[in-house]
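Structural overview for review
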Amino acid sequence: MSYVVTSEKEKKQMLEEIGISSIEELYKDIPKEVFLTEPLNLEEGKSEFEVLAEMRKIAQKNVIFDSTFRGAGSYRHLIPEVVKHLSSLSGFATSYTPYQAEISQGNLQSIFEYQSEICNLCDLEVSNSSIYDGASASCEALVMSLKRDKNKVLISKAIHPNYIDAIKAYAFARDIRIEEIDIEEGLTSLDNLKKKDLESVSSIIVQSPNFYGLIEDVESISTFSKDNKLECVEIVNPISLGMLKTPGEMGVELACGEAQPLGLDQGFGGPYLGFIAASNKYLRKIPGRIVGQTTDVNDKEAYVLTLQAREQHIRREKASSSICSNQALSALRCAIYMAAMGKQGIKEVAKRSFNNAHYAMEQITNIDGFSRKWKGEFFHEFVIDTKVDVDLINKALKENNIEGPYKLGKNEMLVCLTEALSKTEIDKFIDILRQVKK
Amino acid sequence: MNLIFEKSIENHRCTILPKTDIADYKIDDSYLRKTKVKLPEIAEVDLVRHYTNLSKKTFGVDNGFYPLGSCTMKYNPKVNDSCAALRGFSEISPNSDEEDVQGALEVIWESDRSLCEITGMDKMVFQPGAGAHAEFTSLLMIKKYFHTKGDLNRTKIIIPDSAHGTNPASASMNGFNVISIESKNGIIDLEKLDQVLDESVAALMLTNPNTLGLYDKGILEITKKVHACGALCYYDGANLNAIMGICKPGAMGFDCIHLNLHKTFSTPHGGGGPGVGALGCKSFLMDFLPTPIVIKENESFKFYKPVNSINKVTAFYGNFLVLVRALSYLKHLGSNGIREASENAVLNANYMKAKLSKTFNEPFSGYCMHEFVLDLSSFKEGYGIRALDVCKRMLDFKMHPPTMYFPLIVHEALMFEPTETEGKHTLDKAIEVLEKIVNEIKSGNLDLTQAPFTTEYSRMDEVKAARNPIIRYGN
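Residues numbered from 1 in each chain as written. Chains lettered and ligands numbered in written order. Predicted model: local features only at pLDDT ≥ 70, side-chain atom pairs only at ≥ 80, totals over all residues. Heavy atoms only, no water.

**Considerations on the overall build of chain B**
Keep this limit in mind: Runs of E in the DSSP output that reach at least two residues are strands. Runs of H or I that reach at least four are helices, and both are numbered from the N terminus. Two things to know: the radius of gyration comes from C-alpha atoms, and the globule rule equals 2.2 Å times the number of residues to the power 0.38. For the exposure calls, accessible area comes from a 1.4 Å probe over protein chains only, and a residue counts as buried if that area is under 20% of its type's maximum, exposed if over 50%, partly exposed in between. Contact definition: two residues touch when any of their heavy atoms are within 4.5 Å. Accessible areas in this description were obtained via Shrake-Rupley with a 1.4 Å probe; residue shielding takes into account the shown protein chains only.
A count of helices and strands for chain B gives 15 helices and 14 strands. Its C-alpha atoms give chain B a radius of gyration of 25 Å, near enough to 23 Å, the size a compact globule of 475 residues would have. Projected onto its principal axes, the C-alpha coordinates of chain B cover approximately 75 × 65 × 45 Å. For chain B, the residues scored as buried account for 67% of the 475 residues in total. Nonlocal contacts in chain B, meaning residues at least 24 apart in sequence, comprise 70% of its contacts between residues at least 6 apart. Counting every atom, chain B has about 16,000 Å² of accessible surface; 47% of that belongs to carbon and sulfur.

**Quick look at the environment of A:Leu193**
Residues and elements named next belong to chain A. If you trace the backbone, Leu-193 turns up in helix 8 (residues 190-194). The exposure class assigned to Leu-193 is buried, which follows from its relative accessible area of 1%. C-alpha of Leu-193 to C-alpha of Lys-147: the two residues are 46 residues apart in sequence and 19 Å apart in space.

**Examining the layout of surface pockets**
Where we set the bar: Grid points spaced at 1 Å and placed over the protein atoms alone form the basis of the search, with a cavity being a set where a 1.4 Å probe fits but cannot get out and a pocket an open set showing protein on both sides within 12 Å along at least five of seven lines. Lining residues have an atom within 4 Å of a point. Grid points are joined across faces, edges and corners, and a volume is the space filled by probe spheres set on the points. Note on residue categories: nonpolar means Ala, Val, Leu, Ile, Met, Phe, Trp, Tyr, Cys or Pro, charged means Asp, Glu, Lys or Arg, and polar means any other residue, Gly included.
Estimates place the volume of the largest pocket at around 1,200 Å³. If you go around the largest pocket, you meet 50 residues; those closest to its centre are A:Tyr99, A:Gln308, A:His313, B:Thr403 and B:Met404. Those elements that provide at least two residues to the lining of the largest pocket are strand 12 (301-306) and helix 10 (312-315) of chain A together with helix 5 (131-148), strand 8 (256-260), helix 10 (261-264), helix 13 (387-395), strand 13 (403-404) and helix 15 (462-467) of chain B. Residues belonging to the lining of the largest pocket are distributed by class as follows: 24 nonpolar, 17 polar and 9 charged. Lining the second largest pocket are 47 residues, and of these A:Lys84, A:Asp265, A:Arg333, B:Ser90 and B:Leu321 lie nearest its centre.

**With respect to the interface of chain B and chain A**
Heads up, the condition is: Summed over both partners, buried area is the accessible surface (1.4 Å probe) that two parts give up on being assembled. For salt bridges, the criterion is a side-chain nitrogen of Lys or Arg within 4 Å of an Asp or Glu carboxyl oxygen. Polar contacts, as used here, are pairs of N or O atoms within 3.5 Å; protein pairs need one atom able to donate a hydrogen and one able to accept it. Residues neighboring in sequence count only if both atoms are side-chain atoms.
Taken together, the contact between chain B and chain A spans 200 residues of the former and 190 residues of the latter. Buried surface at the junction of chain B and chain A, summed over both partners, amounts to about 16,800 Å²; 62% is from carbon and sulfur atoms. Where chain B meets chain A, there are 15 salt bridges. Of the charged contacts in the structure, one is a salt bridge between B:Asp97 and A:Arg70, with a shortest N-O distance of 2.8 Å. Where chain B meets chain A, there are 93 residue pairs in polar contact (both at pLDDT 80 or more). Take the side of chain B that touches chain A: its biggest share by element is 26 residues, from helix 11 (residues 320-356) of chain B.

**Considerations on the domain arrangement of chain A**
Residue and element names in this part refer to chain A. Operational definition: Where each domain begins and ends follows an automated or database-derived domain assignment.
Domain annotation for chain A reports domain 1 (8-50), domain 2 (67-76 + 346-437) and domain 3 (81-337). Taken over C-alpha atoms, the centre of domain 2 sits 29 Å from the centre of domain 3. On the domain 3 side, the residues contacting the 25 residues of domain 2 number 22 residues. Between domain 2 and domain 3, the buried area comes to about 2,000 Å², and carbon and sulfur atoms account for 66% of it. Taken together, domain 2 and domain 3 are joined by 1 salt bridge. The partner of Glu-185 in a salt bridge is Lys-375, with the nearest N and O atoms 3.9 Å apart. Counting across the interface, domain 2 meets domain 3 through 6 residue pairs in polar contact (both at pLDDT 80 or more). Listing elements by their share of the side of domain 2 that touches domain 3, those giving two or more residues are helix 11 (328-366), strand 14 (381-386) and strand 16 (406-409).

**Here's the deal with the sheet that holds strand 9 (residues 254-258) of chain A**
Residues and elements named next belong to chain A. The line we're drawing: Whether two strands pair comes down to DSSP finding at least two bridges between them.
Strands sit in the order 2-10-9-8-7-3-4 across an open sheet of 7 strands; the sheet is mixed. Every other strand in the sheet has two partners, leaving strand 2 (126-127) and strand 4 (177-181) as the edge strands with one partner each. The sheet contact formed by strand 9 and strand 10 (residues 274-278) spans 5 bridges and is antiparallel. Following the sheet pairing, Cys-256 is matched in strand 10 by Ile-276.

**Notes on the pattern of salt bridges**
Pairs can form between side chains of opposite charge once their charged atoms are near each other. The full count for this structure, using the stated rule, is 62 salt bridges over all chains. Between B:Asp151 and B:Arg154 there is a salt bridge, with its nearest N and O atoms 2.8 Å apart. For B:Arg154, a relative accessible area of 10% corresponds to the buried category. Residues joined in a network through salt bridges with shared partners are A:Arg70, A:Lys398, A:Glu403, B:Asp97, B:Glu99 and B:Asp100.

**Let's talk about the packing of helix 4 (residues 102-119) of chain B against helix 11 of chain B**
All names here are of chain B. What counts, and what does not: With axes taken as lines fitted to C-alpha atoms, and helix axes fitted only over the stretch in contact, angles between N-to-C directions fall between 0 and 180 degrees. When an angle is under 35 degrees it counts as roughly parallel; over 145 it counts as roughly antiparallel; between 65 and 115 it counts as roughly perpendicular; any other value is oblique. For any helix crossing, the convention is left-handed if the near helix is rotated counterclockwise from the far helix by under a right angle, and right-handed if that rotation is clockwise.
In contact at an axis separation of 10 Å, helix 4 and helix 11 are set at 45° when each is read in the N-to-C sense. As far as their axial angle goes, helix 11 and helix 4 are oblique. Where helix 4 crosses over helix 11, the handedness of that crossing is left-handed. Taking contact as the criterion, the partners of Ala-104, Val-107, Ile-108, Glu-110, Ser-111, Ser-114, Leu-115 and Ile-118 in helix 4 are, on helix 11, Phe-320, Leu-323, Val-324, Leu-327, Leu-330, Lys-331 and Ile-338. Of the residues belonging to the contact of helix 4 with helix 11, the class tally is 11 nonpolar, 2 polar and 2 charged.

Spelled out as structure tokens, the structure:
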């Protein structure tokens, strides 16, 4: 079952050519003490039909909900079939990093197009070809933002808690000090920020829409950063940029985030896609692969991996990141999604998610015992305080094959709506909330 | 080929969302984007043609032989993709309740158990995005391990000069100083190792078999020496494809390890990713693993936070759908198939090496593991033809060249890794092509510095790309 092609007869010829009588002789350098004499304690190989049946059984132990009101960093959006189909074409799927540009123009051009689309969405000038996911991209952006001899970074408490965990891990690795900025009414507190000792601070990191779905006053934070010669990093949901003010418009020069909403399966958390977009001043600091336009020797327009002197295979211990394999196929898929949705579609997805969330918020807060925790403007997620236990609500929803909101506390939940929900589904959700209350 | 932006026509579009009965909600103008969203406007049929044509200009394992050394470009069974496409895997949220994703936890658990059996580790997690990310994470665990013990002086990581660039870069990301040691006959020089081992060393990072395709026969002595000075041994599993079912890194004395599931376990490379950086460790390091890990309790699976966890390196559980593919592969091969894969990877490499040694110089004679390196310095000196030129000429024969100029310790290096999924007939064809190219070099009838000759694109002006970088459309 190992996809070995060679027949026994051919193997014999090969052994003869090498001048040995068994494959085992090739392993003569392996010390006897560690050479296995017993087979691995694993099940025997199975046919692909049996494997598929077994995996189906495992997959069936997971619940696929008819509709979901849970987001918190992973979102169910509508994904056109053409996106799934095109991103699985075998040239794209089974190629390696495009080191041989002459036979990798398809891959290289698609990355160039991806970089262009991300820059356009963010209104920034530079994008790399991908980072593992939104959390790790935020960590890499943090590293990009560091200034010499200043090893402290201020991060908003309203950033996704998993991202904060990752930032703390990277910070421990690099001996960076992290100080959190308090929140006020669900938003990064400008008052608290202004009181911080900025002595050894390199940069400020905020997320908008933040973990609680609220739209941050990024403009003020980026102005404050500029006034104090700090870098400002914005973690942003790219789908929101179909509608909301872009990092570029708000004076942010370094943006990053999770591109899963742009056509990637939720897939239990991955593969997703971390993106980084920045102004030109970061061109030589951005980690990971970058594709650039050039010509071949016959003057034909073409694409190559470029500015590789930043990367680990050349700079080794002096590289700012060790990233090698990245999320190329996810980037391709997001690029196809962005083209499929197009200029109009991306606006519609953003606006409909916004509309659905605002409709639901109105309806929910009309129910006795349900209120919004904070009043700020939001994109497609918002926090509800309830008099009923969130567990009870989610149990009732689950009985109707609906995945309930993300539980923040016993009586506090983060509700998410995207364009994937219809009015009928939303109304049903509201009805259930109303009944749980009774 | 024209960019998708150049194919954009006003008001063309593909996807029409379903009708909605929800009215528009107002938002203050100050929140809104004023700049144009410059995404393409294109109809579905044109989109399909664009990407189908791009995919034809991309050479994958499905197109031909791909002996890219250290990358393990084996065939990617299609059943793996079918498994990953199951809705029960692809349409579940990482934020779902534990009870609703028991199947997903089972995938993680079962992969963990199987890969621990193959590697001799006690626990395996899959949160890092790829191999280099797992290196970074493991070294972070090692850093935290020594900090927790109050041993704050271990600031160095020893790495042989044959190592992948990711090793030193991952060490630096953790604030460690990199001590590079020179190899002797392609393997670790024990004397040199002794000279650098002391109480300031946190770990040795080693790939075994290494990037020259050599199994370090001194491995037990090496790990013993490292442990004797209180440091740990880290195994870069980039080359595990040589030794599965033959010997276990755990038994060699390694304390933690990473595997590239996108190499050894046949999930496709996707033009550069996504992979899975599987991270394994012995039990004494388990408390430091990224959170959460999956445990099994009374026939159900649970998430658990290790007490001294380094926290997280990605937001959720890593590239889960890639892991599903790897598990499908593991089940398909089973105990015997896994060993058979390694044995034949080694057989194929040795067959190619034996045949090519008649035409090319080998920096290291004797048997190799799953890959081997040729040194083309003599062609450069004698004929002015470089390893790069040979690679470019190979493109004319519709095969992907080997890795070139790596490892750094061989000057005109070509590194071949044929993998087990290629048949003798494919290897024979490649050998024939390489012999033909050598004849071309010697005859001088063809200027190989201009190769390739038959591909749609010729050599690239890389200097131009770097000097005046154009990295997006319309700038």
